[in-house]
Number of protein chains: 2
Amino acid sequence: MTKYKVSFSGGTTVEAPAQATLKEVMNNAGINFDFPCGGRGRCGKCKIRIVAGANEPQAEDKRALTEEELAAGVRLACVTRVTNDLEVEFLSDKNISHRILLSSLNRTAKVEPHIIKRYVEVDKASIYDLRTAWQRIKDHLAAQGDQHEATKARVTVLRRIPDVLQNSEHKITAVLYKDEIRGLEPGNTSEKLLGMAFDIGTTTIAGYLMDLYTGKELSVASTLNPQTQFGADVISRITHANQDPNGLKELHRVVTRAVNDLIGEAVKKAGVSRDDVYAVSIVGNTCMHHLFIGVNPRDVALAPYVPVITDPLVIDPADLNLVINPAGKVFVLPNIAGFVGADTVGVLLATGLDQSEEIKLIVDIGTNGEMALGNKDKILACSTAAGPAFEGAQISCGMRGASGAIDHVTFEDEFSFSVIDDVAPLGICGSALLDTVAGLLEMGLIDARGRLKKPEEVTHPLGQKLKDRLVEINGSPAFLLAGEVNSKENRPIYVSQKDIRELQLAKGAIATGIRILMQNYGLEVEDITEVQLAGAFGNYLNPHSACAIGLIPRELEDRITMVGNAAGLGSQLALLSETEYERAATAARNVQFVELGSDPNFTTVFAESMLFPEQEEN
Amino acid sequence: MTKYKVSFSGGTTVEAPAQATLKEVMNNAGINFDFPCGGRGRCGKCKIRIVAGANEPQAEDKRALTEEELAAGVRLACVTRVTNDLEVEFLSDKNISHRILLSSLNRTAKVEPHIIKRYVEVDKASIYDLRTAWQRIKDHLAAQGDQHEATKARVTVLRRIPDVLQNSEHKITAVLYKDEIRGLEPGNTSEKLLGMAFDIGTTTIAGYLMDLYTGKELSVASTLNPQTQFGADVISRITHANQDPNGLKELHRVVTRAVNDLIGEAVKKAGVSRDDVYAVSIVGNTCMHHLFIGVNPRDVALAPYVPVITDPLVIDPADLNLVINPAGKVFVLPNIAGFVGADTVGVLLATGLDQSEEIKLIVDIGTNGEMALGNKDKILACSTAAGPAFEGAQISCGMRGASGAIDHVTFEDEFSFSVIDDVAPLGICGSALLDTVAGLLEMGLIDARGRLKKPEEVTHPLGQKLKDRLVEINGSPAFLLAGEVNSKENRPIYVSQKDIRELQLAKGAIATGIRILMQNYGLEVEDITEVQLAGAFGNYLNPHSACAIGLIPRELEDRITMVGNAAGLGSQLALLSETEYERAATAARNVQFVELGSDPNFTTVFAESMLFPEQEEN
């Protein structure tokens, strides 16, 4: 098929088949251009200009356009067909919108920010036009035909009217959120529109600075959640919030301050102005959510573990002491239940589970493990306290996945491991713990109940070479990864019997969740077409190890994909697109929460899930 | 006709004719009870309980009520007839509303405040009811069937949910404004609902503390507008706002502080809590309006004199630094034009001009005179700078209408005057200036052009006795009211030639406005059925004097009524009733503003109106 080159102002150039309409070309190129009449040549709104390669106008062009326009190469994009190379100019950026690509999920979304900007040149009053300045601004905006008519403004915005008009010769940009004019700025600032998407984890806070005009990610900043000083897990923070008279305020203050600091860091990295940040989106588990908005999460820790609020929230930055443009808004994604929070909603959004035809299982592994199973027709979700083992905490030589952490261990051919940043090892992180235990199982050094065998009990042929690594440290059995001479701080690095027990508890909790979800749904393993592992840990683990220890059913090993920080990606989507944010609310409402503890099979399933799978070679 | 005593819970007791229905009795007693089906015995909603004097139930009662209810004396109010003395108990305060009577206008209004309170007993969560606390609160409110469904709340309110539920055993009162939950209070506080109506005049600020539950006025407080330190009139304040870098902020701050102080004074007088004040209403001229909300009124002083905003505004108290309950709102009435402000809208509301069948002329006389002419079909309004003469300012011996002011002067039989508080006179106020000039005209001591005659020129027989009061003071002709021995401060009290000129300008301005409104409307004097004089000055002037000097056409003398501070009454109405507030917005939009200066006849009419009417006896 003959193809021609079509280039658009703004930089996009694509190859297009002969006879394709520009509407089709733009669609395929991910350029979102508005065709109000659906592209039927009727409304005359999809005007573009053909700078080079213009053909004779069509009947529809002639009906909709003036002689001057036609002569200048202006055409309707819906009826213009590609018959040669074309150079296309957009006449206004009003009806063009952008798409973003979330690469790790291979997913696109239309950029349609919550907060929008509109440039207007406001008429001056005269004895023939006695409309007030406020009325004239509203009339101009209404004439632009936006979806929401701007009808209101806070008095703090009204106060700006006289000066902003005078200082800009009546050329101003209005900042709009739905039917409210949130800000008035002199001149045309419509391309200055930034936002920051946050994922507030129990341990880590990550923020992504996004250009809400183009959809591009400008910079990333992250930090340890400063609430960890009041406790590593959500329960200890809830305790602090309720036992210390200032606890709740303190927890709220440190997290909002951290968010403020990250915004500062991100705008500095990107070389942009903090005052151009108009939107912030937030995901986090229910406890992080409540503490961020300043609501006491007490009830989340008490049966029946009901949050105070699950609805999506749109909050004034001042009510959270967030320092962004005061015309902006903070968009907090909805929660599902006490232990299935807005972070899981972010994961659903990013993975598109609520729109999937196929049945998928999504597991977000962190201190808590959240699981969702289903497709567009029905989704079940649950949460389980996996404990900190996966994150390398409360493990003898455990550490977070930072420089010096052993992150992967292999027992194939030869025992070996890799260290982050390729330095002398300091400790092990969660993925290495998983690899180690999986290998020990496969080599017959651990039995199905999780007991480390004594050297003399090892019978598996492959395990023979490892027997001398079975040592005793502080009076307990352990498996030695690196002796003190090889480690950075001259301490032996090992996995103890106790560490194995911690991992058993953690993997047992996740596996129990998966099994109970499947039982409740009435699904078998083969019904699940894909397993998506989310979360920092989920992104690094070895799928084979995960199946070997029984974290994920072995049958699904080759259906596992890693989706990275899907909660953070969901936050970005909700920030960039009002439609996606609204989808989140619907998804959150429709997900059915399964309370594992009240399932009649819970105890049995959990006891079974604590065991390791029988190894084939054992 | 036989009458019986009917007493209602809440304290109202009335005499009612035999066979009247309780619906009719309540209506006449000013008790607003809801009859959803119009009182036809169909809906069964108008349940009350007859504590004493109950008769046999009617067919409608039997259809709508249970056996237990009937036995307990419960009846439908619409079908219950008075056949003996009755004691009636309201079963809930939900369908009873109050009426207020604005005595000076003989006008009633239904009490239906903007901010409402709803008492709810919130279910507790259980494993069978996993709704969030926020959802349960919303569901309970929705079940009460209010007009607006509460769907949103600021995060500052959401933060209160856990504690307010815990501290009240889940019995709480929600404070609502339209679809927003603005506050949550422990226990049943639904009867604690106060508001304060303000009239912010250029010179004086008056505030009325109202019970929004009963409609009663609890106390009144007033003060000099502290902005007078920056200028006596609106133009000098606008100048200050724009010439001093902090001028605008300063003017805004002093007026909001004065409003805060008046709220404090009023709640103290009434012995109530400031925290129970949930609503504030504001009227004032356009400049006072803009300064109160903090908007630069610069454009009001520049042709074409267009305000920045005329729309009615609902503002958070915090945005104005007003110290009332943070769940409350401030309701600012709309303006009509640069010099016809929210105070005139208040006057329209209080006088009901927008609903009048008859053509009426309303004149609000102050430093500026605002006039409105018309009826429910069409209203024209204008404004004119009358200057301070009517308020006793810039007059040789002028003073405000306070203790020691000569307030009325009579030339009938004998020359005499009255003094406020019956003390030795200190000076004269506006109404006395008007009486004096009117008398001098009628006695032939002033000619139609306003010139004080010399004693030898006086020919009118009645004027002969007054000739020796025609004196010369500081080289200018004057009319002596009291010699220095009779005055409190041993200074002569007189009206000078210059004072007469000031009054001529003032009355000429008002009379011009009235004539141009009539011309624009196409009305003759006889078409006007009533003249209502509003404003502090309007309430004290002698209608005969006003007509004698030509302030009001002489033909209308016996159609003049005084309506007191109608702007303040309008503010009260807008505070007490959402319907009245919405009426204000409609009225403000529909009034046609007449710009006197651009009327082609202005100069001629003004020159003629400066003259005094020819006196019949002259």
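Because the structure is a prediction, the values reported are computed rather than measured. For every chain, the first residue of the written sequence is number 1, and numbering continues from 1 along that sequence. The order in which chains are written sets their letters, starting at A; the order in which ligands are written sets their numbers, starting at 1. Where local features are concerned, this predicted model is filtered to residues with pLDDT of at least 70; where side-chain atom pairs are given and counted, the filter is 80 or more; whole-chain, interface and lining totals use all residues.

### Topic: the overall build of chain A
- A count of helices and strands for chain A gives 17 helices and 31 strands.
- Dimensions along the principal axes, computed over C-alpha positions, put chain A at roughly 100 × 70 × 50 Å.
- This entry defines residue contacts through backbone-placed C-beta atoms, with two residues in contact when those atoms are within 7 Å. Of the contacts made within chain A by residues no fewer than 6 positions apart, 65% connect residues no fewer than 24 positions apart. Helical segments are the DSSP runs of H or I of at least four residues, strand segments are the runs of E of at least two, and each set is numbered from the N terminus.

### Some thoughts on the nonpolar core
- Each nonpolar core reported here comprises buried Ala, Val, Leu, Ile, Met, Phe, Trp, Tyr and Cys residues connected via C-beta atoms within 7 Å. Backbone-placed C-beta atoms define the burial measure: a residue is buried with 20 or more other C-beta atoms within 10 Å of its own, exposed with 12 or fewer, and partly exposed in between. In this structure, Val437 of chain A together with Val437 of chain B are the most contacted members of the largest nonpolar core, which totals 339 residues.
- Looking at this core element by element, the count peaks at ten residues for helix α12 (residues 497-521) of chain A.

### A few points about the relation of the copies chain A and chain B
- Here the copies are matched by least squares. The fit uses the C-alpha atoms of residues with pLDDT of at least 70 in both. Overlaying chain A on chain B yields an RMSD of 0.6 Å, the required transformation being a rotation through 180° with an accompanying axial translation of 0.1 Å. When the rotation and shift are considered jointly, the pair of chain copies conforms to a two-fold rotation axis. Among all residues of chain A, the one whose C-alpha sits closest to the rotation axis is Ala318 of chain A, at a distance of 6.2 Å.
- Both copies share a contact surface, since 100% of the interface residues of chain A are interface residues in chain B too.

### Thoughts on helix α8 (residues 247-270) of chain A
All names here are of chain A.
- For α8, spanning 24 residues, the distance from its first C-alpha to its last is 35 Å, which sits close to the expected 34 Å at 1.5 Å a residue.
- Taken residue by residue, α8 has Leu248, Leu251, His252, Val255, Ala258, Val259, Leu262, Ile263, Ala266 and Val267 as its buried positions.
- Along its buried surface, α8 packs onto β14 (194-200), β15 (204-211), β16 (217-224), α7 (234-243), β17 (277-284) and α9 (286-293).
- Downstream of α8 by a residue or two, Gly271 has a phi angle that is positive, lying close to 65°. In this scheme, a helix's expected span is set at 1.5 Å multiplied by one less than its residue total.

### Structural notes on the interface of chain A and chain B
- Taken together, the 31 residues of chain A in the interface contact 31 residues of chain B.
- Mapped onto the side of chain A that touches chain B, the elements with two or more residues apiece are α4 (133-143), α5 (155-158), α6 (161-166) and β18 (313-315) of chain A.
- Top element by residues in the side of chain A that touches chain B is α5 of chain A. It accounts for three residues.
- Here the residues of the side of chain A that touches chain B sort into 18 nonpolar, seven polar and six charged. Put simply, Ala, Val, Leu, Ile, Met, Phe, Trp, Tyr, Cys and Pro go in the nonpolar bin, Asp, Glu, Lys and Arg in the charged bin, and everything else, Gly too, in the polar bin.

### Focus on the environment of Leu184 of chain A
- Mapped onto the elements of the fold, Leu184 of chain A is located in strand β13 (residues 180-186).
- Taking the C-alpha atoms as reference points, Leu184 of chain A and Asp558 of chain A, 374 residues apart in sequence, are found 55 Å from one another.

### Focus: the sheet that holds strand β11 (residues 152-153) of chain A
- Whether two strands pair depends on DSSP finding at least two bridges between them. Spatially, the four strands line up as an open sheet ordered β10-β12-β13-β11 (chain A), and their pairing is mixed. The open sheet has two free edges, formed respectively by β10 (115-121) and β11 of chain A, since each of these has just one partner strand.

### Some remarks on unusual backbone geometry
- Omega for the bond connecting Ala303 of chain A with Pro304 of chain A falls within 30 degrees of zero, at 0°, which places this linkage in the cis form.
- Along the chain, Pro304 of chain A falls in the loop between α9 and β18.
- With a phi angle near 50°, Asn474 of chain B is a residue other than glycine that sits in the positive phi range.
- Relative to the helices and strands, Asn474 of chain B is located in the loop between β26 (470-473) and β27 (476-482).
- You will see that Asn490 of chain B, though not glycine, has its phi angle at about 55°, which is positive.

### Quick notes on the packing of helix α10 (residues 342-351) of chain A against helix α15 (residues 566-576) of chain A
All names here are of chain A.
- The angle between two axes is taken between their N-to-C directions and runs from 0 to 180 degrees, where each axis is a line fitted to C-alpha atoms and a helix contributes only its stretch in contact. Here α10 crosses α15 at 75°, and the two axes come no closer than 7 Å. One element, α10, and the other, α15, form an angle in the roughly perpendicular class. On the side of α10, the interface is formed by Asp343, Val345, Gly346, Val347, Leu349, Ala350 and Thr351, while α15 contributes Ala566, Ala567, Leu569, Gly570, Ser571, Leu573 and Ala574.
- In terms of residue class, the contact of α10 with α15 is built from nine nonpolar, four polar and one charged. Put simply, angles under 35 degrees are roughly parallel, angles over 145 are roughly antiparallel, angles from 65 to 115 are roughly perpendicular, and the rest are oblique.

### Some remarks on the confidence of the model for chain A
- pLDDT is defined as a per-residue confidence score from the predictor, taking values between 0 and 100. Residues with a pLDDT of 70 or more make up 95% of chain A, whose mean pLDDT is 90.
- Confidence metrics for the complex model read pTM 0.83 and ipTM 0.82.

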